[in-house]
Amino acid sequence: PLLLPYSITSRLYPRPHKELVAENSKLFEVDENIIYAIMRQESFFRENAISPSNARGLMQVMPSTGKLIAKKLNITNYSLHDPE
């Protein structure tokens, strides 16, 4: 991929939500490449993705897990389809 032109690599390896990923990468100490790899594998960057097992959003979080994460982060109003 290093030898391919940017116009091709940007299609093969898109980087949506750059600011949000960068911010949360630093906040939670997770490499940006890992976040993008999970988003690509789990939903192919589709925010409205829903799996057959009911996992939702870019990272394919189960609703029950999302509820636990929201509680730990002190968030009351959220959607698993919203990238933030």
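Cut-offs applied
Residues numbered from 1 in each chain as written. Predicted model: local features only at pLDDT ≥ 70, side-chain atom pairs only at ≥ 80, totals over all residues. Heavy atoms only, no water. Helix = DSSP H or I, 4+ residues; strand = E, 2+ residues; numbered from the N terminus. Buried < 20%, exposed > 50% of the residue type's maximum accessible area, 1.4 Å probe, protein only. Contact = heavy atoms within 4.5 Å. Areas by Shrake-Rupley, 256 points an atom, 1.4 Å probe, with all protein chains shown as cover. Lys, Arg positive; Asp, Glu negative; His and termini not counted. Charge placed at Lys NZ, Arg CZ, Asp CG, Glu CD. Patch = residues over 30% accessible without salt bridge, like charges linked within 9 Å, V, L, I, M, F, W, Y side chains within 5 Å. Salt bridge = Lys/Arg side-chain N within 4 Å of Asp/Glu carboxyl O. Core = buried A, V, L, I, M, F, W, Y, C linked by side-chain atoms within 4.5 Å.

**Considering the overall build of the protein chain**
Broken down by element type, the protein chain carries four helices and zero strands. Reading the secondary structure of the protein chain in the N-to-C direction produces α-α-α-α. Along the longest, intermediate and shortest principal axes, the C-alpha atoms of the protein chain span 45 × 30 × 15 Å. The buried share among the 84 residues of the protein chain stands at 20%. For the protein chain, contacts bridging at least 24 residues in sequence account for 24% of all contacts bridging at least 6. If you sum the accessible surface of the protein chain, you get close to 6,700 Å²; carbon and sulfur atoms cover 57% of it. Charged side chains of the protein chain number 10 positive and 9 negative; the gap between the two group centres comes to 7 Å.

**What about a negative patch on the surface?**
On the surface, Glu23, Glu47, Asp82 and Glu84 cluster together into a negatively charged patch. Mapped onto the elements, Glu84 comes out in the segment after helix H4 (63-72).

**Some words on the side chain of Ser25**
Summarising the element assignment, Ser25 is placed in helix H2 (residues 18-28). Leaving out residues up to four positions away in the same chain, Ser25 has contacts with Val30, Asp31, Glu32 and Ile35.

**Comments concerning the environment of Thr9**
Looking at where Thr9 falls in the secondary structure, it is placed in helix H1 (residues 6-12). Here Thr9 falls in the buried class, since its relative accessible area comes to 16%. Counting along the chain gives 72 residues from Thr9 to His81, while the straight-line C-alpha distance between them is 26 Å.

**Details of a nonpolar patch on the surface**
Where nonpolar side chains cluster on the molecular surface, the patch consists of Leu27, Phe28, Val30, Ile34, Ile38, Met59, Ile69, Leu73, Ile75 and Tyr78 and spans about 850 Å² of accessible area. Looking at where Leu27 falls in the secondary structure, it is placed in helix H2.

**Re the environment of Asn77**
By the secondary structure assignment, Asn77 is in the segment after H4. Asn77 sits ten residues away from Lys67 along the chain, and the two C-alpha atoms are 10 Å apart.

**Some words on the nonpolar core**
Membership of the largest hydrophobic core is limited to six residues, which are Val21, Ile35, Tyr36, Met39, Phe45 and Leu58. If one sorts the elements of this core by residue count, helix H3 (residues 32-43) sits on top with three residues.

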